[in-house]
Protein chains: 2
Amino acid sequence: MKNSGMDITTLSALAETNRMNIVQLLRDGPLSVGEIADRLGLRQPQASKHLKVLSDSGIVEVRIDANRRIYTLRSEPFQAMDIWLQSFRHMTEERLDNLDHYLRELQNKEKP
Amino acid sequence: MKNSGMDITTLSALAETNRMNIVQLLRDGPLSVGEIADRLGLRQPQASKHLKVLSDSGIVEVRIDANRRIYTLRSEPFQAMDIWLQSFRHMTEERLDNLDHYLRELQNKEKP
DNA sequence: TTATAATATTCCTTGACGAGAATATTCCTT
DNA sequence: AAGGAATATTCTCGTCAAGGAATATTATAA
């Protein structure tokens, strides 16, 4: 359900409090649905639903262990986010490329 | 509208195609509303609305230049995402901590 | 095989969000 | 001051996602 490169579904999956909490929880290791629901004060159906969203977006993978389903974080989406973020790193260099912006705005003003 | 630390509003602001496109556009430098709308094939009102969302979440800041409003990417949210992502880096080390998981699952099985 | 634990799924209702169209606002220009 | 350009705001409508409650599914254990 995921190739490489940042997908918007990754972001929208994480852009919900409960799912974000689940992800933070799973940082420390795999957990079953029941454990997740317990620790986050969720009802089991809601936990399952959120886990499905996370699973569909490739953030999480499931392993069947008897009655339980053990959910684990996948690393790929986070690596993809990381790579994507690299294209924004130059911003930290606080405008050493001011010339570019200056020229750009000149163009805008000359447009009409 | 933003302190430090990853905020979920950052993610939900980015989790929309048009806003993501705007952000990608602004990577190359500040732009006015009209420019953004033109290049992305958006109508001006929609562009303004999306820019408001981005602005409210602190992803973007605005500078008034005569009739125009020039929107610029802010670096803080991306730095925050970056820091947040660091807590997931250990995943890349593909399970050298398997012992931890093993013990954890043992505990789960002994629970009932 | 039946009862039970763990999890998934469905149905329903409600609230949020995005697009479209129209209008309001602000500022420049003449 | 008036007209026009650039941008923001409002309203409505349709869609979609989330929570709640009930139920279905699957697998274990007795």
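Please read all numbers here as calculations on a predicted model, not as lab measurements.

> I'd like a rundown of the pattern of salt bridges, residues and numbers included.
Evaluation of the coordinates by the stated rule reveals ten salt bridges over all chains. Here R74 of chain B makes a salt bridge to E61 of chain B, at a shortest N to O gap of 3.8 Å. With a gap of 13 residues between them, R74 of chain B in the loop between β3 (68-73) and α5 (76-86) and E61 of chain B in strand β2 (residues 60-65) connect regions that are remote in the sequence. Where salt bridges share partners, they join E61, R74 and E76 of chain A into one cluster.

> Summarise the protein's contact with DNA strand C; cite the residues concerned and give the values.
For DNA strand C, the set of nearby residues contains 22 residues, the closest of which are Q44, S48 and Y71 of chain A together with R19 and K49 of chain B. Sugar plus phosphate, as a fraction of atoms of DNA strand C within 4 Å of the protein: 58%. Within the side chain of Y71 of chain A, one N or O atom sits 2.6 Å away from a phosphate oxygen of DNA strand C. Listed by contribution, the elements that provide at least two residues to the surface near DNA strand C are α3 (33-40), α4 (44-56) and β3 (68-73) of chain A together with α2 (17-26) and α4 (44-56) of chain B. A total of five residues in the surface near DNA strand C trace back to one element, the largest contributor, which is α4 of chain A. Of the residues assigned to the surface near DNA strand C, the class counts are five nonpolar, nine polar and eight charged.

> Would you mind going over the protein's contact with DNA strand D in detail, with residue names and values included?
If you check the shell around DNA strand D, you find 22 residues, and the closest are N18 and R19 of chain A together with Q44, S48 and Y71 of chain B. Contacts to DNA strand D include R19 of chain A, whose side-chain N or O atom sits 2.6 Å from a phosphate oxygen. H50 of chain A places a side-chain nitrogen or oxygen 2.8 Å from a phosphate oxygen of DNA strand D. Elements with a contribution of two residues or more to the surface near DNA strand D: α2 (17-26) and α4 of chain A together with α3 (33-40), α4 and β3 of chain B.

Quick notes on the rules
- Residues numbered from 1 in each chain as written.
- Chains lettered and ligands numbered in written order.
- Predicted model: local features only at pLDDT ≥ 70, side-chain atom pairs only at ≥ 80, totals over all residues.
- Heavy atoms only, no water.
- Salt bridge = Lys/Arg side-chain N within 4 Å of Asp/Glu carboxyl O.
- Helix = DSSP H or I, 4+ residues; strand = E, 2+ residues; numbered from the N terminus.
- Near = heavy atom within 4 Å.
- Polar contact = N/O pair within 3.5 Å; in protein donor to acceptor, adjacent residues only side chain to side chain.
- Nonpolar A, V, L, I, M, F, W, Y, C, P; charged D, E, K, R; others polar.

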